[in-house]
Amino acid sequence: MSDPPRPFWQTKSLAEMSEAEWESLCDGCGRCCLVKLDDEDTGRIHFTDVGCRLLDGESCRCRDYPNRSSVVPDCVTLRPESIADLHWMPPTCAYRLLADGQDLPAWHPLVSGRPESVVEAGISVKGRLSGHEENFSVPELVERIRAWPGRWPKDARPARKAKADSNPRS
């Protein structure tokens, strides 16, 4: 009896993935769609609990994904070649994890087989948004800075695995 085939994210680099595979990596947490503030003095990125105007607070998905870049000009389109430069991505993000040579955690829908596992693990922004960006002034956004979007929930952090030499991810 042979071992079952390894999942695509363990055998392909981000650049080798098909469009469908790439898109399936998004766990739908919505953390990357939170308004972030860049401290120009320190270079530190601060997450808020305020969503982009296109973020659906219930589904934690973009309400106009195909047109997001034209509706929200500073929306970032993730690509394999840009992941390394996106230090502001949440630490729980599958793209960031794979780029760093880590595996997907047990709560990720591709592993669990259940989209609701993201909410159950405390990763999702569902129920945690204070509103959308158009309803807040800059001083109000500063008051909405939160630590949780930039951290792993206590019980959701995966065990760290050493990157195998035979694993082509990069």
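Structural data are supplied above this passage.
Residues numbered from 1 in each chain as written. Predicted model: local features only at pLDDT ≥ 70, side-chain atom pairs only at ≥ 80, totals over all residues. Heavy atoms only, no water.

J.: Even after reading the chapter, I still don't get the state of the cysteines, so can you show me in this structure?
T.: Here is the idea: a disulfide is a covalent bond, and it sits between the sulfur atoms of two cysteines. Applying the stated rule across the entire model yields 0 disulfides. Note on C33: no disulfide assigned, nearest cysteine sulfur contributed by C32 at a separation of 4.0 Å. The class of C33 is partly exposed, set by a relative accessible area of 25%. Of the cysteine sulfurs around C60, a residue in no disulfide, the closest is that of C29, at 7.8 Å. Classification of C60 by relative accessible area gives buried; the value is 4%. (Disulfide = S-S within 2.5 Å. Buried < 20%, exposed > 50% of the residue type's maximum accessible area, 1.4 Å probe, protein only.)

J.: How should I be thinking about the environment of C26 in this particular structure?
T.: Relative to the elements of secondary structure, C26 occurs in the loop between α2 (19-24) and β1 (34-38). Taking relative accessible area as the criterion, C26 reaches 30% and is therefore assigned partly exposed. Spatially, the C-alpha atoms of C26 and R128 are 19 Å apart, while their sequence positions differ by 102 residues. Apart from the residues within four sequence positions on either side, C26 is in contact with R61, Y95 and H108. (Helix = DSSP H or I, 4+ residues; strand = E, 2+ residues; numbered from the N terminus. Contact = heavy atoms within 4.5 Å.)

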